[in-house]
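Survey of secondary and tertiary structure
If you want the building blocks of each chain, they are given just below.
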There are 2 protein chains.
Amino acid sequence: MRRLLVLTLLASFAAGSAASADEGMWLLNQFPSDAVKKAYGFAPDQQWLHHAQLGSVRLAGGCSGSFVSKDGLVLTNHHCAHACIEQLSTPTDDRVKAGFLAKTRADEVRCPEIEINDLTDISDVTAEVQKATAGLEGKAYNDARKAVSARIEKACADADANPDRVRCDVVTLFHGGRYDLYKYRRYQDVRLVFAPELGEAFFGGDPDNFNFPRFDLDMSLLRVYQDGKPLHPSDHFRLSRKGTQDGDLTFVSGHPGGTDRQLSLAELLYLRDVAQPDRLLQLAELRGLITEYQQRGAEEKRHSTDLLFAIENSFKAIKGRELALATPPLMDDKAAAEADFKSRIAKDPKLQAKAGGAFDAIRKALDRQREIRLPYSFEEQGRGFQSNLFSLARSLVRAAAERPKPNDTRFPEFRDSVLPQVTQRLFSSAPIFPELEVETLTFSLTKLREALGADDPFVHQVLGKKSPRELAKELVGGTKLADVALRKELWEGGTAAVEASQDPMVLLARRIDGDSRKIRKTYEDEVEAVVKKNEELLAHVRAQLDGTGTYPDATFTLRLSYGQVKGWSENGKWVPPYATLGGAFDRATGEPPFDLPATWLAAQSKLKLDTPLDFVTTNDIIGGNSGSPVLDRKAEVVGLIFDGNIHSLGGDFGYDISTNRAVAVDSRAILEALGRIYGAEFLAKELSQ
Amino acid sequence: MRRLLVLTLLASFAAGSAASADEGMWLLNQFPSDAVKKAYGFAPDQQWLHHAQLGSVRLAGGCSGSFVSKDGLVLTNHHCAHACIEQLSTPTDDRVKAGFLAKTRADEVRCPEIEINDLTDISDVTAEVQKATAGLEGKAYNDARKAVSARIEKACADADANPDRVRCDVVTLFHGGRYDLYKYRRYQDVRLVFAPELGEAFFGGDPDNFNFPRFDLDMSLLRVYQDGKPLHPSDHFRLSRKGTQDGDLTFVSGHPGGTDRQLSLAELLYLRDVAQPDRLLQLAELRGLITEYQQRGAEEKRHSTDLLFAIENSFKAIKGRELALATPPLMDDKAAAEADFKSRIAKDPKLQAKAGGAFDAIRKALDRQREIRLPYSFEEQGRGFQSNLFSLARSLVRAAAERPKPNDTRFPEFRDSVLPQVTQRLFSSAPIFPELEVETLTFSLTKLREALGADDPFVHQVLGKKSPRELAKELVGGTKLADVALRKELWEGGTAAVEASQDPMVLLARRIDGDSRKIRKTYEDEVEAVVKKNEELLAHVRAQLDGTGTYPDATFTLRLSYGQVKGWSENGKWVPPYATLGGAFDRATGEPPFDLPATWLAAQSKLKLDTPLDFVTTNDIIGGNSGSPVLDRKAEVVGLIFDGNIHSLGGDFGYDISTNRAVAVDSRAILEALGRIYGAEFLAKELSQ
């Protein structure tokens, strides 16, 4: 079904160096089976790889998962379903705190905002994209690139018997060295089946996050439905009762969100000196604010828990990345590799003519980005308007303007291929909390004024003579967009309805739309276009000089990594690879975030306490891999990725086998807990068939 | 009285380059009068300089000021007295919000924690310090350096007729190139006379902070008392009714807190990559937390306003510094200058033998600092225990152990020369707010656990099985240290009393004292000792190679800068140097932080609205200069420094005359406001005599 591609444009950034042992987030259609065979005596064959592809799924919101039963059960992390579980809770029925178990299929509850994608086909569309962009530069290049992607995606969906049930994405690999068309089955009827209590799923909280030993049952079970019935997926994995042993070969099949291993030095400096520090400071302040907001009361704490988790998780991850870039010798090594690459380009007059200026062009585009980044991120990317109600208003206003346009000239986020995700969000029944909306909107309006200055015309247009809090209260208090029916009306009514609306949030979104489109255009034409074009040039040159054979930077597309169960040495002390169920009880203090739920305390005597709960492997993963299955040679699920250790955070820029570890829930703990703690032996049974 | 010194060891860091026009925070005993004469046709003579020295004062907590009447009136900023004004307020009598005016001297109220220092004598003690440290390295060098400073300070005080009324500090200049003994008169009976409403003193709030045009009357008046009567200082300035004109020559006499212009590259990298980002993230999170804390209610807002100001002010200042270091070409220039300096050292075998290894030694010491900085800052520097009550406990515990030791082997902060400041804080009547204490202590205990890890033995010792919030509540709820009488008892009872105390905060401070002393010793012996010694070596080499004639990095000692009233070009647009009283009314929106107080609105029609309110000059200043008088040729006060523009923040690392501006309140506005807004013509009169 999926055809193998002839590889053309593959090379690692570090000039001439091949990926080191266990390194790599490999494309499934270009998996280094020979290397694995050499290292571990086992090579996945085509059938194995095909099975891994079909069994693996993506949660479109940013996670991975896998089909684990013939009846459409999907195994993923608790933290990947946390938002859904919170959305399905009420002040008096808090399923985040108490956990959730559907005793029958009738009790399974639909998640309002989860979309699941199952990858069925990959095809190489590089030639088509290149033809469309040949000889073009700047804005013309960028527009052509986007338009051809839109056309390819639309043609792919239209060719399917059920266009509504597929999702076609043109994905950029190797920073433009290659373009592939990924075709997925798209599922939006996804129901919550099981979730443990947050207290155990996230035992140890932020202090233990990205650390090990770890004692988290960070799992949830969802079920995919189609036409009102459980889906029978074309393939699925079964959970292993046997699990792993120290040293065992492991595969991780999932969707790493993004890496920056192949960026140029100028791009890394931009990340280190501008983008990451900026984001960290914003997250830190918001973290302090929401932490204190939680002190307002139990309900405020309840409805802001997932938000605080997301903030703290991002903060720790980006802080690790920043530390990696700021710690010698990483940047010196990158600089040396780039200097070497440049000198090899310079030796060939043809290459020099083609790509000799690319590094400088990228650097200059980033200088331009430094100038416009604040208005761009605050006005257009929504940083000045952090509010679900504003996002809804913005979507409605933008959709009204974009949908009437031809598919290939719309903003990419309103292409036909993406609209089902847009409407799922727009018509979501997830509750909105006005009290929290006022706080996040006040915060972001304050930051908008801080970033652009009190005298900036855009700031004046937004705030007038009002303070951020006064305006936020007015907008949140006045808007009716919490009403799904109204949102449907405005969506269906299109431009006329949106223009007639007197809803204050819609009016705001309309009032700023001109300015924010303008700054977006500046960004796209003067920064994005130049960076994409020149990255592509460099990718071609790299392939020519270094040949093919490595893996591309992660792009939230399916990848397979290989490695083994293995501890590591921390300050001269060996950290063993397994943490047991019993360890959770030893670590518990009774005080959050180290308080085990009552179900665990009650079941303690019944449990096999030496059962591994969590374990680490050398697999090369990154954010987005959350929820990925860890597979053994038989392609059985032996674990469930939910984290990396602290050293893995630098994995954004490179992989170090000596310390970089993936962290997974053990399949044995999943089965043990379902059976002996949660009274869900029926699920354990379904998972192991 | 103050003798001029023969200069021996003066050179700028940037190899061979002299200070550029208007650059420099000059020592008063080494002022470049010739350069000023050449540029502006006027040179301050010895009498002028002596007058400037005696009229200028330092607020020991971190600000500058000046005597402005024969009866001991001190002019400084509102933000320098903000803490005092808050301490003298109650929930029902909020002097921060309402302002304060003592109609008679009997109404003047003592500030519980302000100490004022007036510099009377400077003497060079370099030879004595060098003799004590000759031939020593590492810990031995460092201990000897501290001991000799303690001995010199004590001898200086003992030689005075009133040892209790003087303060003697050995100050390090040029990073060890020179040591001077500064002798001050010390005043602790300082009373609040006048403060405008915060709404005007800090009009525009954080958004306008470090920006211009600015419309703040950021002033306060204090009066120094001695033996219960107003002090008649040996010298004072008078306020000018005439003020300045665009282009006028201006001097700023004050106490810049610190600059980093002469640091080595390794030290700058440590600041850029480690110290500053770390501090910014901590401040950002605390800012979010306190911002949200203020939403709890009017009283919470009232008692946390000065704290939030301090956080936001530091955040913006350090962010500006970080931006300066992260923006090319500053670091490249510093690297080139250092490379040049190194090569010049290498050319002379004797210099090379003496200081050739200094750069590497500093770099290695900073590598060591990277390893120990978190335990050092959290355990010893108090970052893990942000609470006034804990600080009191720590002071009592440490004082009990240190005071019995000989003066020259104590921790420097418990030397006889510093004890009056310690006891002023310890016995301060300033109110403590338990609700706020719980929040800041919870926050810092959480950060302690985050920084060192949940499994760190120190963290275990502090928290046991408790959560940060639970422990913070227990400690704040249980301690009796809010009672000044108890603090006096423990101070006077010394070791026996402290060891017998069962106060939970005292017990905590005692419990962690061993560990925190240990990490302090590691820092002092392995980092501080190496850095100080090698900075000193480099300072000597610099003096030898580049000669003398520049100014040392700022060290919160008295400096004089020169410059002129002058606007600057911002994005191609000229920013004029004056902002008027009328401009404040134009900018007011009625919403915080742009709401003018009722007194201003009521007085509007009576005011001369074209009176300059704030103005900018090219004077080279930095934090600590707040409250400094701006003097004209006649040494009359024409302005009151309260800020720098946004470009001045990079002034930590260098001075750029094209954009760097100091921001001051205009003397004319001070007199106008006192007379026509605040009904304090009697003060205006006292100031202009």
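This text goes with the structure placed above it.
An account of the accompanying structure is given in this report. Note that this is a predicted model, so its numbers are computed, not measured. (Residues numbered from 1 in each chain as written. Chains lettered and ligands numbered in written order. Predicted model: local features only at pLDDT ≥ 70, side-chain atom pairs only at ≥ 80, totals over all residues. Heavy atoms only, no water.)

1. Thoughts on the pattern of salt bridges
- Taken as a whole, this structure holds 132 salt bridges over all chains when the rule is applied.
- Between R296 of chain A and E292 of chain B there is a salt bridge, and its shortest N-O distance comes to 2.7 Å. Linking R296 of chain A in the loop between helix 9 (265-293) and helix 10 (298-326) with E292 of chain B in helix 9 (residues 265-293), this pair reaches from one chain into another.
- In this structure, D189 of chain B and R191 of chain B form a salt bridge, with 2.9 Å as the shortest nitrogen-oxygen distance. Comparing D189 of chain B with R191 of chain B, the two get one shared label, buried. (Salt bridge = Lys/Arg side-chain N within 4 Å of Asp/Glu carboxyl O. Helix = DSSP H or I, 4+ residues; strand = E, 2+ residues; numbered from the N terminus. Buried < 20%, exposed > 50% of the residue type's maximum accessible area, 1.4 Å probe, protein only.)

2. A word on the interface of chain B and chain A
- On the chain A side, the residues contacting the 39 residues of chain B number 40 residues.
- Approximately 3,300 Å² of surface area, both sides summed, lies buried where chain B meets chain A, with 48% of it carried by carbon and sulfur atoms.
- Three residues stand out in chain B for area buried against chain A, namely L281, E292 and K465 of chain B, and they jointly supply 18% of the buried area on that side.
- Here chain B is connected to chain A by 8 salt bridges.
- Its salt-bridge partner being R287 of chain A, residue E285 of chain B comes within 3.5 Å of it at the nearest N-O pair.
- Seen at the junction of chain B and chain A, the total is 12 residue pairs in polar contact (both at pLDDT 80 or more).
- For the side of chain B that touches chain A, the elements supplying multiple residues, two or more each, are helix 8 (205-208), helix 9, helix 10 (298-326), helix 16 (434-452) and helix 18 (468-478) of chain B.
- Ranked by residues supplied to the side of chain B that touches chain A, first place goes to helix 9 of chain B with 11 residues. (Contact = heavy atoms within 4.5 Å. Buried area = accessible area lost by both parts, 1.4 Å probe. Polar contact = N/O pair within 3.5 Å; in protein donor to acceptor, adjacent residues only side chain to side chain.)

3. As for the sheet that holds strand 1 (residues 26-27) of chain B
- Across the sheet, 8 strands lie side by side as 1-14-13-19-20-21-18-17 (chain B); this open sheet has antiparallel pairing. Across the chains shown, the open sheet's two edge strands, defined by having one partner strand only, are strand 1 and strand 17 (578-580) of chain B. (Pairing = 2+ DSSP bridges.)

4. Brief notes about the sheet that holds strand 1 (residues 26-27) of chain A
All names here are of chain A.
- Reading across from one edge, 1-14-13-19-20-21-18-17 is the order of the 8 strands in this open sheet, with antiparallel pairing throughout. Looking at which strands have only one partner, the edges of the open sheet turn out to be strand 1 and strand 17 (578-580).
- In this structure, strand 13 (residues 249-254) lies alongside strand 14 (residues 559-564), joined through 6 bridges in antiparallel fashion. What sits directly across from L249, in strand 14, is Q564.

5. Some remarks on the packing of helix 13 (residues 358-380) of chain A against helix 20 (residues 504-546) of chain A
Residue and element names in this part refer to chain A.
- Contact pair helix 13 / helix 20: the axes reach a minimum separation of 9 Å and the direction vectors enclose 155°. Here helix 20 runs roughly antiparallel to helix 13, going by the angle between their axes. The hand of the helix 13/helix 20 crossing is left-handed.
- Each residue belonging to the contact of helix 13 with helix 20 can be placed in one class, and the counts come to 15 nonpolar, 4 polar and 8 charged. (Axes fitted to C-alpha atoms, helices over the stretch in contact; angles between N-to-C directions. Parallel < 35°, antiparallel > 145°, perpendicular 65-115°, else oblique. Left-handed = near helix turned anticlockwise from the far one by under 90°. Nonpolar A, V, L, I, M, F, W, Y, C, P; charged D, E, K, R; others polar.)

6. Examining the relation of the copies chain B and chain A
- Superposing chain B onto chain A requires a rotation of 180° together with a translation of 0.0 Å along the rotation axis, leaving an RMSD of 0.0 Å. Classification of the inter-copy transformation places it as that of a two-fold axis.
- In this assembly, 100% of the residues forming the interface of chain B have copies in chain A that are likewise at the interface, indicating an isologous arrangement. (Least-squares fit on C-alpha atoms with pLDDT ≥ 70 in both.)

7. A short note on the packing of aromatic side chains
All names here are of chain B.
- In the structure shown here, the tally under the stated rule is 38 aromatic pairs over all chains.
- An angle of 40° between the planes, with centres 6.2 Å apart, marks the rings of F585 and W600 as tilted. Here the residue F585 occupies a position in helix 22 (residues 581-587), and W600 occupies one in helix 23 (residues 598-603), the gap between them amounting to 15 residues.
- The class of W600 is buried, set by a relative accessible area of 0%. (Phe/Tyr/Trp six-rings, centres within 6.5 Å; stacked < 30°, edge-to-face > 60°.)

8. So, the environment of S89 of chain B
All names here are of chain B.
- Residue position: S89 is located in the loop between helix 3 (78-87) and helix 4 (95-98).
- With 176 residues separating them along the chain, S89 and L265 place their C-alpha atoms 46 Å apart.
- Excluding anything up to four places from it in sequence, S89 contacts D94, R95, V96 and R302.
- At a separation of 2.9 Å, a polar atom in the side chain of S89 contacts the main-chain amide nitrogen of R95.

9. Thoughts on the state of the cysteines
Residue and element names in this part refer to chain A.
- Enumeration over the complete set of coordinates arrives at 6 disulfides over all chains.
- Covalently, C63 is tied to C80 through a disulfide, its sulfur atoms 2.1 Å apart. Measuring the twist about the S-S bond at about -75°, one finds the C63-C80 disulfide to be left-handed. One end of the pair, C63, is in strand 3 (residues 63-67); the other, C80, is in helix 3 (residues 78-87), with 17 residues separating them in the sequence. In this structure, C63 and C80 share a single accessibility class: buried.
- Here C156 is linked by a disulfide to C168, with a sulfur-sulfur distance of 2.0 Å. Its S-S torsion of approximately -60° makes the covalent link between C156 and C168 left-handed. Residue C156 is found in helix 6 (residues 138-158), and its partner C168 is found in strand 8 (residues 166-173); the two are separated by 12 residues along the sequence. An identical accessibility class is assigned to C156 and C168; each is buried.
- Here the cysteine-cysteine linkages of chain A are recorded as 1-2, 3-4, 5-6, numbering only bonded cysteines and doing so in sequence order. (Disulfide = S-S within 2.5 Å.)

10. A look at the pairing of strand 9 (residues 178-187) of chain A
All names here are of chain A.
- Most of strand 9 sits inside the fold, with 9 of its 10 residues counted as buried.
- As paired elements, strand 7 (residues 116-124) and strand 9 share 8 bridges and run antiparallel to each other. When the bridges of strand 9 are listed, D118 appears paired with R185.
- Connecting strand 8 to the antiparallel partner strand 9 that follows it, the hairpin turn spans 4 residues, and F174 within it adopts a positive phi of roughly 50°.

11. Some words on the side chain of D306 of chain B
Residue and element names in this part refer to chain B.
- By the secondary structure assignment, D306 is in helix 10.
- Although D306 lies buried, it forms no salt bridge, and the closest oppositely charged side chain, R425, sits 9.2 Å away as judged by the N-O distance.
- A polar side-chain atom of D306 sits 3.4 Å from a polar atom in the side chain of H82.
- Residues in contact with D306, not counting those within four places in the same chain, are H82, A83 and E86. (Lys, Arg positive; Asp, Glu negative; His and termini not counted.)

12. Focus on helix 13 of chain A
- For helix 13 of chain A, spanning 23 residues, the distance from its first C-alpha to its last is only 28 Å, which falls clearly below the expected 33 Å at 1.5 Å a residue.
- Positive backbone phi, approximately 90°, marks G382 of chain A, located one or two places after helix 13 of chain A. (Expected span 1.5 Å × (residues − 1).)

13. Observations concerning the side chain of T120 of chain B
Residue and element names in this part refer to chain B.
- One can find T120 in strand 7 (residues 116-124).
- Its relative accessible area of 5% is what places T120 among the buried residues.
- Polar side-chain contacts of T120 include one of 2.9 Å to the side chain of D121.

14. Regarding unusual backbone geometry
All names here are of chain B.
- That bond from P328 to P329 is cis: its omega, 5°, falls within 30 degrees of zero.
- Tracing the sequence through the fold places P329 in the loop between helix 10 and helix 11 (330-347).
- Here the residue pair P592 and P593 is connected by a cis peptide bond, since its omega of 0° sits within 30 degrees of zero.
- Within the secondary structure, P593 is located in the loop between helix 22 and helix 23.
- Its identity is not glycine, yet H175 carries a phi of approximately 55°, on the positive side.
- Counting through the fold element by element, H175 comes out in the loop between strand 8 (166-173) and strand 9 (178-187).

15. Some thoughts on the pairing of strand 10 (residues 190-195) of chain A
Residue and element names in this part refer to chain A.
- The element strand 10 is extensively covered by neighbouring structure, given that 6 of its 6 residues are classed as buried.
- With 2 bridges connecting them, strand 5 (residues 100-101) and strand 10 associate as antiparallel partners. Of the residues in strand 10, the one forming a bridge with L101 is F194.
- The pairing of strand 6 (residues 109-110) with strand 10 spans 2 bridges and is classified as antiparallel. From the neighbouring strand, V109 faces strand 10, where its bridge partner is L192.

16. Focus on helix 9 of chain A
- Over its 29 residues, helix 9 of chain A extends 40 Å from the first C-alpha to the last, a length consistent with the 42 Å expected when each residue adds 1.5 Å.
- Bending of helix 9 of chain A peaks at approximately 45° at the position of L271 of chain A. (Bend = angle between axes of the 7 residues up to and from the residue.)

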